[in-house]
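# A structural walkthrough
For reference, the chains in residue letters:
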Amino acid sequence: MLNNILKRLGIFCLVLTVSTSLVFFMLHSLPGENAEVMAKYIFLGNVELNPSNEEVQLVKEKFDLDRSLLSQYYSWATNAFHGDLGRSYKTNAHVLEEILIRLPATITLALIAVLMSLLIGMPLGILAAVKQNSTTDYLCSATAVLGISMPNFWLALLLIMVFSLALKLTPTIGYGGPSHLILPVVTLGTATTAVVMRLTRSSTLEVMRQDYIRTARGKGLDHRDIMITHSLKNALIPIITMVGLEFGHLLGGAVIIETIFAWPGIGRLLIDSISARDIPVIQGTVLFITLMYMLLNFTIDILYPIFDPRIGGS
Amino acid sequence: MHPSIAGLVSHAPLRVAGLSSLILFLSIALFAPLIAPYDPQETGSPYQPPNAEHRLGTNDIGQDILSELIYATRVSLAIGFMAGSISIIIGATLGMLAGYYRGRIEELVMAISDVVLLVPGLPLMIILAAYLSPSMWNIIFVVGLLWWCSTTRVVHSRVLQLREMPFVEAARSLGAGDGYIMLHHILINCKEIIQAKFALAVASAMLTEASLSFLGLGDPLNISWGEMIHFAFSRGGFANDMWWWYLPPGLMICASVLGFVMISMEPERSQKALEL
């Protein structure tokens, strides 16, 4: 058990280093261009104008862009380890603060989307499994496959078109009361709902073929009792694993969804900072997205033995 | 209908449907110059609604949207196929090497795939695509290089089963080399899985490409479906409810991705059928 946790922690640190250094070296591999774009923002406030050579040089010196990449990364990483992610090139605000202000918006969005996918996907998956090869099953599966095949940004546009512009039921974009959550959550959660549904269906089918289900049925137990206490509990394990991995897709999807719905989360912060070449903010956002994703998977790994005692013993 | 075709349709209806849609889209891509009513580059009067001359109207610079849609099939499919191929070649090769040789190689490959699997894919791809110049090839490489892990894992676990099978042992005792066994015994038996994974990889590559292009990171010289939606969104097609501009490309993405997903679904079912 302890061994397993230590191994996971090792992978955890490795992934953090790999993804942040990858982004770091990528972002800094075009130093001249970075300095140029930043000079445009800082001195001219306008991306259309071209900065002079002196201005570009000034930017390079101010932000240490002349130093070697390795030493730049080293100082970034040590500072980050102490909780200092630097300041935004564009607004001079502390990156950590900028991210922490926006983090709740993204977490709310992602968590409610996961909740939605579980609340809709699992019952539908069980229904499809219980009524295997019926019209209900085919309908559920067809909807799920359609949900997986649809690009989420396009779904977002359709939902805005129908529900907020034509029917005027929901706000179009922006951040505010619970009604603002509806369209972004539905857009973000659709694909995950479909994946949860398909997985619940197949793992329930798998469990239903087991001997102990036949025994339970033979004992004359109520069908609903069998489904809940015997099948669902065992079918849950692969679903939990999948939700952990799917959370990464959700965070990725949030980058696009937040941009469309003008949602003030870290996904939108990432897109905004990419267009301004605001390297410290890009770095910080990637660090946080990776951190959140990994913390969740780490927790799930550790919680496994609770759901499946067999795993704890090995 | 020919009996064997009828048999295939009743045996694997989803795969047949998926393959037919694939053939349809491939022919649209192949015969684009013959089908498209106009040259997609040709400009005319902008923002026309659908009419007899332009079935799907014209865009902001007066290009025929139907022709643009037909030509975009080439770009979207090409990116999907090439990115899917790269990820499948990397994924299958690593999975086979790890499963067959085991030991150090296996540990290394699995560790790398553990790391890459946990690296947040889409945000990284967005940064990569934004920093590399916007070109079709960059998108292909970005998507292909970050999408191989799940193939590696599936192929690896299949090869672990296969390498212990009696026929592999028999081949080995007859003096067959590792390369020969891998090509003639292992690869052949992973064919179904690799095919299914390939179809899925193409589907996810197409969706990822569409997302990147929608954010404006696509290749301006090779307009794809995702990029058409980007332009419809950023140049007033959406605000003015010009459905003929933003709806068709989305439908094309849906239909083609659906086709690939359906092709990938069948082996899963027949695998289940074999078990029963």
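### Let's talk about the overall build of chain A
Secondary structure assignment for chain A yields 13 helices and 0 strands. Ordered by position in the sequence, the α and β elements of chain A form the string α-α-α-α-α-α-α-α-α-α-α-α-α. Along the longest, intermediate and shortest principal axes, the C-alpha atoms of chain A span 85 × 55 × 30 Å. If you sum the accessible surface of chain A, you get close to 15200 Å²; carbon and sulfur atoms cover 65% of it. For chain A, the distance from the average position of its 22 positive side-chain charges to the average position of its 22 negative side-chain charges is 12 Å.

### Regarding unusual backbone geometry
Excluding glycine, a negative phi dihedral is what most residues carry, and trans is how most peptide bonds are arranged. Here the phi dihedral of Asn92(A) falls at roughly 65°; this positive angle occurs in a residue that is not glycine. Among the secondary structure elements, Asn92(A) is positioned in the loop between helix H4 (69-81) and helix H5 (95-130). Asn92(A) sits in the partly exposed class, given a relative accessible area of 46%. For Asp241(B), which is not glycine, the phi dihedral falls at a positive 50°. Position of Asp241(B) among the secondary structure elements: in the loop between helix H12 (225-234) and helix H13 (243-275).

### Considerations on the environment of Met294(A)
Residues and elements named next belong to chain A. Summarising the element assignment, Met294 is placed in helix H12 (residues 279-307). In the structure, Met294 is positioned 199 residues away from Val95 in sequence and 21 Å away in space, judged by C-alpha atoms. For Met294, the residues in contact, after removing those within four places along its chain, are Ile11, Phe12, Val15 and Leu16.

### Some remarks on the interface of chain B and chain A
With 38 residues of chain B in contact, the opposing surface of chain A contributes 46 residues. Together, the buried faces of chain B and chain A total about 3900 Å²; carbon and sulfur atoms form 81% of this surface. Contact with chain A buries surface across chain B, with Leu118(B), Ile127(B) and Tyr131(B) losing the most and accounting together for 21% of the total. At the surface where chain B touches chain A, the tally comes to 0 salt bridges. At the level of elements, helix H5 (103-118), helix H6 (121-131), helix H11 (191-214), H12 and H13 of chain B are the ones that each hand at least two residues to the side of chain B that touches chain A. The element contributing the most residues to the side of chain B that touches chain A is H13(B), with 14 residues. Among the residues forming the side of chain B that touches chain A, the class breakdown is 30 nonpolar, 2 polar and 6 charged.

### So, the environment of Arg198(A)
Of note, Arg198(A) is situated in helix H8 (residues 182-208). Separated by 99 residues in the primary sequence, Arg198(A) and Asn297(A) place their C-alpha atoms 21 Å from one another.

### A closer look at the side chain of Thr73(B)
Looking at the secondary structure, you find Thr73(B) in helix H4 (residues 65-101). For Thr73(B), the contacting residues outside a window of four places in its chain are Phe25(B), Ile28(B), Ala29(B), Trp225(B) and Met252(B).

### Topic: the pattern of salt bridges
All names here are of chain A. Overall, the coordinates contain 7 salt bridges over all chains when judged by the stated rule. Linking Arg102 and Glu98 is a salt bridge whose minimum nitrogen-to-oxygen distance equals 3.6 Å. Placement of both Arg102 and Glu98 in helix H5 is noted, with a separation of 4 residues, approximately one turn of the helix. Measuring nitrogen to oxygen at the nearest pair gives 4.0 Å for the salt bridge that ties Glu206 to Arg209.

### Quick look at the nonpolar core
Of all hydrophobic cores here, the largest spans 134 residues; its most connected members are Ile260(A), Ile282(A), Ile126(B), Ile127(B) and Trp225(B). Shared between two domains, this core takes at least three residues from each, and those domains are domain 1 (19-84) and domain 2 (103-307) of chain A. Setting aside chain neighbours within four positions, we find Ile126(B) in contact with Val255(A), Ile271(A), Ile274(A), Leu212(B), Leu215(B) and Leu217(B). By size, the runner-up hydrophobic cluster in this structure holds 15 residues, among which are Ala92(B), Ile181(B), Cys190(B) and Ile194(B).

### Section: the packing of helix H9 (residues 211-218) of chain A against helix H10 (residues 223-260) of chain A
Residue and element names in this part refer to chain A. Interaxial distance between H9 and H10 falls to 10 Å at its minimum, and their mutual angle equals 160°. The angle between H9 and H10 falls in the class roughly antiparallel. Two packed elements cross with a definite hand, and for H9 against H10 that hand is right-handed. Facing Tyr212, Ile213, Ala216 and Arg217 of H9, the residues of H10 in contact are His223, Ile226, His230, Ser231 and Asn234. Residue composition of the contact of H9 with H10, grouped by class: 4 nonpolar, 4 polar and 1 charged.

### Topic: the packing of aromatic side chains
As enumerated under the stated definition, the model contains 16 aromatic pairs over all chains in all. A centroid spacing of 6.1 Å and a plane angle of 40° characterise the contact between Phe81(B) and Phe198(B), whose relative ring orientation is tilted. Taken together, the positions of Phe81(B) in helix H4 and Phe198(B) in helix H11 put the pair 117 residues apart, joining distant regions of the chain. With 5.7 Å between their ring centres and 80° between their planes, Phe81(B) and Phe260(B) make a pair best called edge-to-face. Here Phe81(B), found in helix H4, pairs with Phe260(B), found in helix H13; they are 179 residues apart in sequence, far enough to count as distant. Three or more aromatic residues joined by ring pairs form one cluster here, namely Phe153(A), Phe214(B), Phe233(B), Phe238(B) and Tyr246(B).

### Examining the confidence of the model for chain A
Keep in mind that low pLDDT regions are not for reading the predicted coordinates in detail. For chain A, per-residue confidence averages 83 on the pLDDT scale, and 94% of positions sit at 70 or higher. Looking over chain A, one finds the lowest element-wise mean pLDDT in helix H13 (residues 309-313) of chain A, namely 62, and the highest in H5(A), namely 91.

### Focus on the packing of helix H8 (residues 149-162) of chain B against H11(B)
Residue and element names in this part refer to chain B. As a packed pair, H8 and H11 sit with axes 10 Å apart at the nearest point and diverge in direction by 170°. One element, H8, and the other, H11, form an angle in the roughly antiparallel class. Side by side, H8 and H11 meet where Ser150, Thr151, Val154, Val155 and Arg158 of the first sit next to Ile193, Ile194 and Lys197 of the second. Taken together, the residues that form the contact of H8 with H11 break down as 4 nonpolar, 2 polar and 2 charged.

### A short note on the domain arrangement of chain A
Residue and element names in this part refer to chain A. What the domain assignment lists for chain A is domain 1 (19-84) and domain 2 (103-307). Taking only C-alpha atoms, the centre of domain 1 and the centre of domain 2 are 37 Å apart. Carbon and sulfur atoms supply 68% of the area buried between domain 1 and domain 2, which totals about 1100 Å² over both sides. Applying the counting rule to domain 1 against domain 2 returns 0 salt bridges. On inspection of domain 1 and its partner domain 2, the count reaches 1 residue pair in polar contact (both at pLDDT 80 or more). At the level of elements, helix H1 (2-28) and helix H2 (31-44) are the ones that each hand at least two residues to the side of domain 1 that touches domain 2. No other element matches H1, which puts 6 residues into the side of domain 1 that touches domain 2. Class assignment of the residues belonging to the side of domain 1 that touches domain 2 gives a composition of 7 nonpolar, 4 polar and 1 charged.

The rules behind the values
- Residues numbered from 1 in each chain as written.
- Chains lettered and ligands numbered in written order.
- Predicted model: local features only at pLDDT ≥ 70, side-chain atom pairs only at ≥ 80, totals over all residues.
- Heavy atoms only, no water.
- Helix = DSSP H or I, 4+ residues; strand = E, 2+ residues; numbered from the N terminus.
- Areas by Shrake-Rupley, 256 points an atom, 1.4 Å probe, with all protein chains shown as cover.
- Lys, Arg positive; Asp, Glu negative; His and termini not counted.
- Charge placed at Lys NZ, Arg CZ, Asp CG, Glu CD.
- Buried < 20%, exposed > 50% of the residue type's maximum accessible area, 1.4 Å probe, protein only.
- Contact = heavy atoms within 4.5 Å.
- Buried area = accessible area lost by both parts, 1.4 Å probe.
- Salt bridge = Lys/Arg side-chain N within 4 Å of Asp/Glu carboxyl O.
- Nonpolar A, V, L, I, M, F, W, Y, C, P; charged D, E, K, R; others polar.
- Core = buried A, V, L, I, M, F, W, Y, C linked by side-chain atoms within 4.5 Å.
- Domains from an automatic or database assignment.
- Axes fitted to C-alpha atoms, helices over the stretch in contact; angles between N-to-C directions.
- Parallel < 35°, antiparallel > 145°, perpendicular 65-115°, else oblique.
- Left-handed = near helix turned anticlockwise from the far one by under 90°.
- Phe/Tyr/Trp six-rings, centres within 6.5 Å; stacked < 30°, edge-to-face > 60°.
- pLDDT = per-residue confidence, 0-100.
- Polar contact = N/O pair within 3.5 Å; in protein donor to acceptor, adjacent residues only side chain to side chain.

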